[in-house]
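# Fold and geometry: a report
Next come the chains, spelled out residue by residue.
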There are 6 protein chains.
Amino acid sequence: MEAQNSSFIGFENDYEESKAVLFGAPFDGTTSFKPGARFAPPAMRQDSWAIESYSPYFDSDLEDLKLFDYGDLELPFGDKKNALRMIQEHVQEIIDANKIPIMIGGEHLVSLAPVKALSKKYEDLHIIHFDAHTDLREDYLGEALSHATVIRRIYDQVGDGKVNQFCIRSGLKEEFEWAKKHTHLEKFTYNTLPSCVKRLKDKPVYITIDLDVLDPSVMPGTGTPEPGGIDFHDMMNIIKELSKLNNVVGMDVVELSPKYDASGISTAVACKTLRELVLATVK
Amino acid sequence: MEAQNSSFIGFENDYEESKAVLFGAPFDGTTSFKPGARFAPPAMRQDSWAIESYSPYFDSDLEDLKLFDYGDLELPFGDKKNALRMIQEHVQEIIDANKIPIMIGGEHLVSLAPVKALSKKYEDLHIIHFDAHTDLREDYLGEALSHATVIRRIYDQVGDGKVNQFCIRSGLKEEFEWAKKHTHLEKFTYNTLPSCVKRLKDKPVYITIDLDVLDPSVMPGTGTPEPGGIDFHDMMNIIKELSKLNNVVGMDVVELSPKYDASGISTAVACKTLRELVLATVK
Amino acid sequence: MEAQNSSFIGFENDYEESKAVLFGAPFDGTTSFKPGARFAPPAMRQDSWAIESYSPYFDSDLEDLKLFDYGDLELPFGDKKNALRMIQEHVQEIIDANKIPIMIGGEHLVSLAPVKALSKKYEDLHIIHFDAHTDLREDYLGEALSHATVIRRIYDQVGDGKVNQFCIRSGLKEEFEWAKKHTHLEKFTYNTLPSCVKRLKDKPVYITIDLDVLDPSVMPGTGTPEPGGIDFHDMMNIIKELSKLNNVVGMDVVELSPKYDASGISTAVACKTLRELVLATVK
Amino acid sequence: MEAQNSSFIGFENDYEESKAVLFGAPFDGTTSFKPGARFAPPAMRQDSWAIESYSPYFDSDLEDLKLFDYGDLELPFGDKKNALRMIQEHVQEIIDANKIPIMIGGEHLVSLAPVKALSKKYEDLHIIHFDAHTDLREDYLGEALSHATVIRRIYDQVGDGKVNQFCIRSGLKEEFEWAKKHTHLEKFTYNTLPSCVKRLKDKPVYITIDLDVLDPSVMPGTGTPEPGGIDFHDMMNIIKELSKLNNVVGMDVVELSPKYDASGISTAVACKTLRELVLATVK
Amino acid sequence: MEAQNSSFIGFENDYEESKAVLFGAPFDGTTSFKPGARFAPPAMRQDSWAIESYSPYFDSDLEDLKLFDYGDLELPFGDKKNALRMIQEHVQEIIDANKIPIMIGGEHLVSLAPVKALSKKYEDLHIIHFDAHTDLREDYLGEALSHATVIRRIYDQVGDGKVNQFCIRSGLKEEFEWAKKHTHLEKFTYNTLPSCVKRLKDKPVYITIDLDVLDPSVMPGTGTPEPGGIDFHDMMNIIKELSKLNNVVGMDVVELSPKYDASGISTAVACKTLRELVLATVK
Amino acid sequence: MEAQNSSFIGFENDYEESKAVLFGAPFDGTTSFKPGARFAPPAMRQDSWAIESYSPYFDSDLEDLKLFDYGDLELPFGDKKNALRMIQEHVQEIIDANKIPIMIGGEHLVSLAPVKALSKKYEDLHIIHFDAHTDLREDYLGEALSHATVIRRIYDQVGDGKVNQFCIRSGLKEEFEWAKKHTHLEKFTYNTLPSCVKRLKDKPVYITIDLDVLDPSVMPGTGTPEPGGIDFHDMMNIIKELSKLNNVVGMDVVELSPKYDASGISTAVACKTLRELVLATVK
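Residues numbered from 1 in each chain as written. Chains lettered and ligands numbered in written order. Predicted model: local features only at pLDDT ≥ 70, side-chain atom pairs only at ≥ 80, totals over all residues. Heavy atoms only, no water.

As a reminder of what qualifies: UniProt positions are given in the numbering used here, feature names are shortened, and annotations may be inferred rather than shown by experiment.
Looking up chain A in an unreviewed UniProt entry gives the name Agmatinase, with the organism given as Arcobacter nitrofigilis. What UniProt records for chain A under Sequence similarities (unreviewed entry) is the sentence "Belongs to the arginase family. Agmatinase subfamily."

In structure tokens form, the structure reads like this:
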């Protein structure tokens, strides 16, 4: 008698044979408003079975890919540096085996770890970032490492012209000013995504989706809900565009905080976003 | 002193004088993910009084129709066959009296019962079906009778070319393939609804609305929320189109599960959908 | 050691130096369906700190205006007349000091008090009103003062041709009929807002936003959710239009009922609506 | 076909044949903290079917009594005087027919109405009152009629030595002082209940149970939860004691506010309290 | 890289070496009031990590036993007979391997399956049953298999004098009458448990704990909350008594319905009850 | 016009004249299970107005003491060392002014800061600690500073024989063993509290109450609910005992996490505990 699998739907292969590796990084130690993103990975695994593995959008099925679900890392909540180090080591092991890391946050700060690992492997790493917030502060109440500074820290890794930000609708005036010089930042919308995707078609790309890019009506279960976001049809348009990329080397979805949404619709949105993103980019 | 009525708003006539009969079928015994649709009928009755009986969309009023609210059937939760039989007998009594049955689910399986009764009376019965899910499985974990197979079972009653499905966004690949041969199935949208309505203008039509056709942001209180659905404006467009039908012989709204939405907005959506549907089709 | 401020974000000036004065009117004694709007002001103050004081829509910042937050009035829940009198006296003090009153409800009835005070000061006062409901009843179950009659009572103050209503989607047939003669009422949409704003460009205008004008998916936390409303992008379009007014002499946002929305998204919507409205109209 | 009954469990007789009449008084217009007691009567009716009509405590069954459920009065929320008048008239009709009124609140203020009606019929009317709060203020923020003054107003009807209060654990110092002269008030506990019951054995007695007398752990769904209350076993001890009274002429349970307790346990407690109270005192 | 375990705390051994086998039976198809017990097993696994594996009550640790967690059976919700058959087969496999089955429900009906399997192996099987409800109906709305009939069905397996019921506080009069002849039933309390345990000291015993035996204040997350139950200290007293049994051959905890208790305290109670029960009886 | 106070009830004096100073320390960065204690201080301030300032237990009133409410410290969530330093400096300022610090957490780790400040001033500082958990780990997942190690760190400050722990019901075996040598730890109950209080009558004492010492039924809104705790009557007994201390030099109540308890009863319990504790010990 063997213990039953409790993986995300469709991620039922062994590690060895798999092309991509899913794992959870349940850390939310720097959340500034409402913590709880740590509960996202198990919530998504459990509710993923209420959607299908088959996508009528792409007419393809997770079961036709080779996908492995590692489960969750055990991370120390009060120690952001150690948590990031542990995630980075885990990603390193995955990319050393030539597999694609797929991470479920946790808060957005966790995205720094895979970017650090991947930027060593891919000199020319580009970032495509969807979010309500700029996340470009130099520090937040004195902290350099925070979910409000993570894209600035990612920029520190990859440099000018590599970070592409879409749908941003909240930040300090200084952040928007800074972005004009250092990143490609589109306010509110994603009209420039097609040209960005065209430009990065064959480049190594890391995709990070802060789920609060979606309107709070679609995604109430998140730590810092910001009205005025995109809806799920927009998210599908975005993912269809991303499917034209040929070299996605890693990805994450972060900032689901399931306990703030007892109805479970936020978890369903996170699961379906992940399913479609994987079907679109894991090739 | 007489006990006060607790009907749905505007359904305050006696049975004899009424043209249409509302009743609840609070059964959810085959729900695969989150049960609770059994609580929909009383929740809708109670909250219906927070909307008006008058519709500014149609400039008409439920009070100008002759409508009766029977209340709810008492159904055995663990016995789907008996439950369906009891609903069917109840519908038979209503249509024998030349009245239109209007059913509040319960889960979607309950729709099979009125279709069985009506398909005996109307040889040429057509179905118009709105849903997130295909519901076309031959069986679900071995069960032929399930909320995931109900449209397939309805098809068994009415046959090829009679079932029209709109806004479908989830299912197995096999279901979509099967539908190509046996039903009219429009994925995601309802662009073909006008031509369908035109074709069925004078035919006997049964309308079944699985409320999860609406996006989970609009309708969080449902058992299997599926992101990417239509919004309430779409629902009004659909109902305006349905108002062109001349022979609607029965209808239902199913899969509201009110306890998963403490804010009550799902119940409000269900109530208003029912009000508009009745004003559009009971003539 | 001084007690820490707990104002709405960006409302951190002293009364004397301020141009506009925010205050809460936590009264909900006539609510017909779900009471609880009394809890809105403190909820908004607390959660306002999760949004920024800077708006990327207007590229401006609450901190660049001079704004004071008084806190909340203490109002007797069971005595609507006294509550209205106390609010009116408070507004009188504010406008006597040539400052702009900004009120957070409470239920919609509270809007009557500032209009009474302002209509004495400005003979030509006009009203711009956003709501799901007409609020034009002569009385509600015999009460002349109610959140269902408030715009009729406001009309009693300002007279024919002064009240402009947008996005209305619920009411009695009589109310819609009455409006044809006495107010400008646009059903469902706000297409006529630009011409209205043009006409009232330099007139004294009071703006009242019943937050249930937003769709319940966007604003679940309200006492009488009415499906079919506008989304937050519409609200931003409306506010951009309102920014063309040169003489907004008072404003309110009412009918947030935060305890019906545990996710907090309704409070976030109310806070951002208020921020943008203030940035658009306080000059 | 006749509309299905939706009465409280066991209250299924006609008015004429009944010995006692249940009705709801869904008024909560003077609630000082969290309103919502208006939703108690329908919530209790619906969930009453999840308990049995048979009590193993008394080995008796509601079905063996003759009980009628009128449903709810329609009361104006913003007008406490009218609401009280309407309740009083309703009670008058019941007692004129020599039946026992059983009222579900609503907030505690509603108890004044039956006492007014009954104190005219029974010169020697006594009150037995269970509550967390004294409810003895002369006025509350200037209001003489309030859920914080109701027992004082009841005292105004019945006079010195007629009001008996148990388990009281919150109030102003003045209220406790006042009570020493005018009522029998036992703080925290109900040790003096047996002697009180003995004394009032054959007197006409009205029983009013503010459900917040129970500890908030047992009864979270109430408008002003006050820690330190009794548990359900205490409530059963109290009711067993009350069963020794021979002339209970009316009773109420008030201050259930079901929307603050999504788990439904408060409603279950209210239902079972009512069942046992009726079995103990309706003879 | 191997997938991370997601077992119940302390159940981390392999099947082969283990003495007892935990599994979930997530079936709730006959629940009469509020369904949702199907969600108990994964909720308990996840939250079990918030308690310790060490018990200061028994000064012992789950890690010192050999325990295996199989995960959950996949059961058809609409087919109670098949579900019971599948559970029974699973238990058969466990007891054939001379291991002790430990089941997490699901609704109470699932307890019938292990009793059927065990009563074949142990001719002299006794049942110790804790519950708010008698569960002794011959049928429920015509169904012989139901969570309201399960102990009657278990009686059908084991016969007169074998079923011992404690703390029962709800049922039909007929059930209590029937119990007088066929089971040992103690109403409300567990005073006779010590003598029962003494009598069954060396007999094969199956323990079934319907968690609604606990008061709803302690255990709000259950499908049919019944006020007046025991508290957690009572539960510990009970378990200490049960620790004197020498031959417990199987056990279950059923009827946790976690989605009705967003605070999570019911799940914590279920986890700690299971931990203590296992430490007390697995030898 | 001056901004309205939003202090805790009864804490309405100025700093200068006050004897004790209340402040919030909204830090929860090391919480191991469910974060959210950061939201406790504003929740308690707001809901404190639903209880009275007068205590019928002590027949005394907060308004008769001189009490100041500072409001909340602004603390960096991701930086526990800085957060502790900022709290300690704040406490230092209070005790330098010869006032008594009263802290609302936040998680339990925050208690370390006042103890550090006070142990410098009072060489002979003793600790009285109420909790479900030992909190005596040397480290938690490698972290020396954690809500699971805080009492060990406090011990590091004050040394052997100074820490008195009551009602402890969860921990590692090692912690209980360690406690035998270094602290006074009473498992489950508080029978030894009277002798402890007698011994410490005139010593400087710091009282720290982790509210999860209360049973989860009484206090569901906490991060690590542990069944089997004391009830509110026990808490009152404890506080009455503590009132015999003559030199309480500081105190805190920690680990209320209000968002996990939508009913608000946990916040009410925290408020009343604080009121009684202050009335008992501030002299």
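### Focus: the overall build of chain A
The cut-off we apply is this: Helix and strand assignments follow DSSP, with helices taken as H or I runs no shorter than four residues and strands as E runs no shorter than two, numbered in order from the N terminus. In this setup the radius of gyration rests on C-alpha atoms only. A globule is expected at 2.2 Å times the number of residues raised to 0.38. Residue exposure (1.4 Å probe, protein chains only): buried if accessible area is under 20% of the type maximum, exposed if over 50%, otherwise partly exposed.
Looking only at helices and strands, chain A has eight helices and ten strands in total. For chain A, whose C-alpha radius of gyration is 17 Å, the value lies close to the compact-globule estimate of 19 Å for 283 residues. The C-alpha extent of chain A, read off along each of the three principal axes, is 60 × 40 × 35 Å. With 283 residues in all, chain A has 72% of them scored as buried.

### Section: the packing of aromatic side chains
The following threshold applies: Think of it this way: a Phe, Tyr or Trp ring, Trp meaning its six-membered ring, pairs with another when their centres are within 6.5 Å, and the plane angle makes it stacked under 30 degrees, edge-to-face over 60, tilted otherwise. The criterion for a charge sitting over a ring is simple: Lys NZ or Arg CZ within 6 Å of the ring centre, and within 35 degrees of the ring normal.
Applying the stated criterion across every chain, the model contains 42 aromatic pairs over all chains. Seen in terms of ring centroids, Tyr57(D) and Phe188(E) are 4.4 Å apart; in terms of plane orientation they differ by 15°. Their pairing is stacked. Placement of Tyr57(D) in the loop between β2 (54-55) and β3 (60-61) and of Phe188(E) in the loop between β8 (184-187) and α6 (193-199) is noted, with the two residues assigned to different chains. Of the residues examined, Tyr57(D) reaches a relative accessible area of 17% and is grouped as buried. Given a relative accessible area of 26%, Phe188(E) falls into the partly exposed group. Above the ring of Phe77(E), the side-chain terminus of Arg38(E) is found at 3.5 Å from the ring centroid.

### As for the state of the cysteines
To keep things clear, this is the line we draw: When two cysteine sulfur atoms are found within 2.5 Å, that pair is recorded as a disulfide.
Applying the stated criterion across every chain, the model contains zero disulfides over all chains. Of all cysteine sulfurs in the structure, the one in Cys196(A) sits closest to Cys167(A), which takes part in no disulfide; the separation is 12 Å.

### Topic: unusual backbone geometry
Residue and element names in this part refer to chain B. The omega torsion of the bond from Gly105 to Gly106 falls at 10°, within 30 degrees of zero and hence cis. Mapped onto the fold, Gly106 is located in the loop between β5 (100-105) and α3 (112-121). We note that Cys167 has phi near 70°; this positive angle belongs to a residue other than glycine. Mapped onto the secondary structure, Cys167 falls in strand β7 (residues 163-168). For Cys167, a relative accessible area of 1% puts it in the buried group.

### Some remarks on helix α3 (residues 112-121) of chain F
Residue and element names in this part refer to chain F. Inclusion rule: Any two residues whose heavy atoms approach within 4.5 Å are treated as being in contact.
The element α3 is largely enclosed, with a buried count of seven among its ten residues. Among the residues of α3, Leu112, Ala113, Pro114, Val115, Ala117, Leu118 and Ser119 are the ones counted as buried. Those residues of α3 hidden inside the fold are in contact with α2 (80-96), β5 (100-105), β6 (126-130), α4 (150-158), β9 (205-210) and β10 (248-254).

### Looking at the packing of helix α6 (residues 193-200) of chain A against helix α7 (residues 232-242) of chain A
A pair of packed helices is captured by two measures, namely the crossing angle of their axes and the spacing between those axes. Residue and element names in this part refer to chain A. The condition that has to hold: The axes are straight lines fitted to the C-alpha atoms, using for helices just the contacting stretch, and the angles between their N-to-C directions are given from 0 to 180°. Here the word oblique covers every angle except those under 35 degrees (roughly parallel), over 145 (roughly antiparallel) and from 65 to 115 (roughly perpendicular). Crossing handedness is defined as follows: a turn of the near helix away from the far one that is anticlockwise and smaller than a right angle gives a left-handed crossing, while the clockwise case is right-handed.
For the pair α6 and α7, interaxial distance at closest approach is 9 Å and the crossing angle is 20°. Judged by the angle between their axes, α6 and α7 are roughly parallel. The hand of the α6/α7 crossing is right-handed. Contacts between α6 and α7 involve Leu193, Pro194 and Val197 from the first element and Ile238, Glu241 and Leu242 from the second.

### Here we look at the side chain of His90(B)
Mapped onto the secondary structure, His90(B) falls in helix α2 (residues 80-96). The class for His90(B) is buried, based on a relative accessible area of 6%. Filtering out sequence-adjacent residues up to four positions away, His90(B) remains in contact with Phe23(B), Tyr70(B), Leu73(B) and Met1(D).

### Some remarks on the interface of chain F and chain A
Put simply, the test is: Reported buried area values correspond to the accessible surface (1.4 Å probe) lost by two parts on association, with both partners' losses combined. Here, a salt bridge means any Lys or Arg side-chain nitrogen found within 4 Å of an Asp or Glu carboxyl oxygen.
With 22 residues of chain F at the contact, the number on the chain A side is 22 residues. Of the roughly 1600 Å² buried between chain F and chain A, counting both surfaces, carbon and sulfur atoms make up 58%. Of all residues in chain F, the largest losses of buried area upon contact with chain A belong to Pro35(F), Gly78(F) and Leu141(F), amounting jointly to 26% of the total for that side. At the junction of chain F with chain A, the criterion picks out zero salt bridges.

### Describing the UniProt feature "binding site: Mn(2+)" (unreviewed entry) in chain A
All names here are of chain A. Mapped onto the present numbering, the UniProt feature "binding site: Mn(2+)" (unreviewed entry) falls on His108, Asp131, His133, Asp135, Asp210 and Asp212. For the residues just named, distributed over 105 residues, the greatest C-alpha separation is only 12.2 Å, placing them together at one site. Tracing the backbone shows Asp131 in the loop between β6 (126-130) and α4 (150-158). Filtering out sequence-adjacent residues up to four positions away, Asp131 remains in contact with His108, Phe166, Cys167, Ile168, Asp210, Asp212 and Val213.

### Topic: the environment of Ile51(B)
All names here are of chain B. Counting through the fold element by element, Ile51 comes out in the loop between α1 (40-48) and β2 (54-55). For Ile51, a relative accessible area of 4% puts it in the buried group. Taking C-alpha positions, Ile51 is 36 Å from Val158, a pair spaced 107 residues apart along the chain.

### Some remarks on the relation of the copies chain F and chain A
The criterion, for reference: The atoms used to superpose the copies are C-alpha atoms, taken from residues with pLDDT of at least 70 in both, and the fit is least squares.
Superposition record for chain F on chain A: RMSD 0.0 Å, screw rotation 180°, translation along axis 0.0 Å. Overall, the copies show the geometry of a two-fold rotation axis. The rotation axis passes nearest to the C-alpha of Gly29(F) in chain F, at a distance of 2.8 Å. Looking at the interface residues of chain F, 100% of them are also at the interface in chain A, so both copies use one shared face.

### Concerning the arrangement of the chains
Without any contact between them, chain A and chain D keep their closest C-alpha atoms 11 Å apart. One finds no contact between chain B and chain F; the C-alpha atoms of the two approach each other to within 11 Å at their closest.

### Regarding the interface of chain C and chain D
Test applied: Polar contacts, as used here, are pairs of N or O atoms within 3.5 Å; protein pairs need one atom able to donate a hydrogen and one able to accept it. Residues neighboring in sequence count only if both atoms are side-chain atoms.
At the interface, 22 residues of chain C touch 22 residues of chain D. Approximately 1600 Å² of surface area, both sides summed, lies buried where chain C meets chain D, with 57% of it carried by carbon and sulfur atoms. Of all residues in chain C, the largest losses of buried area upon contact with chain D belong to Pro35(C), Gly78(C) and Leu141(C), amounting jointly to 26% of the total for that side. In this assembly, chain C and chain D are joined by eight residue pairs in polar contact (both at pLDDT 80 or more).

### Considerations on the relation of the copies chain C and chain D
For the pair chain C and chain D, the best superposition has an RMSD of 0.0 Å and corresponds to a rotation of 180° with a translation of 0.0 Å parallel to the axis. Comparing interface residues between copies, 100% of those in chain C also sit at the interface in chain D, which points to an isologous, same-surface contact.

### Quick word on the sheet that holds β10(F)
Residues and elements named next belong to chain F. Using the following cut-off: Strand pairing follows a simple DSSP-based rule, namely that at least 2 bridges must link the two strands.
The parallel open sheet is built from eight strands, whose spatial order is β4-β1-β5-β10-β9-β6-β7-β8. Because the sheet does not close on itself, it has two edges, and the strands there are β4 (67-72) and β8 (184-187). Neighbour to neighbour, the strand axes of the sheet diverge by 15° on average, direction disregarded. On top of the sheet, α2 reaches β1 (20-25), β4 and β5; it is set at about 175° to β1, its chief contact. Contacting β6 and β7 (163-168), α4 crosses the sheet at an angle of about 160° to β7.

### Observations regarding the sheet that holds strand β7 (residues 163-168) of chain A
Strand pairing within a sheet occurs via backbone hydrogen bonds; the two strands may be parallel or antiparallel. All names here are of chain A. Here eight strands make up an open sheet; going across it, the order is β4-β1-β5-β10-β9-β6-β7-β8 and the pairing parallel. Because the sheet does not close on itself, it has two edges, and the strands there are β4 (67-72) and β8 (184-187). In this sheet, adjacent strand axes meet at a mean angle of 15° when their direction is disregarded. Looking at chain direction, β6 and strand β9 (residues 205-210) are connected through five bridges and run parallel. Among the inter-strand pairings, His126 is bridged to a residue of β9, identified as Val205.

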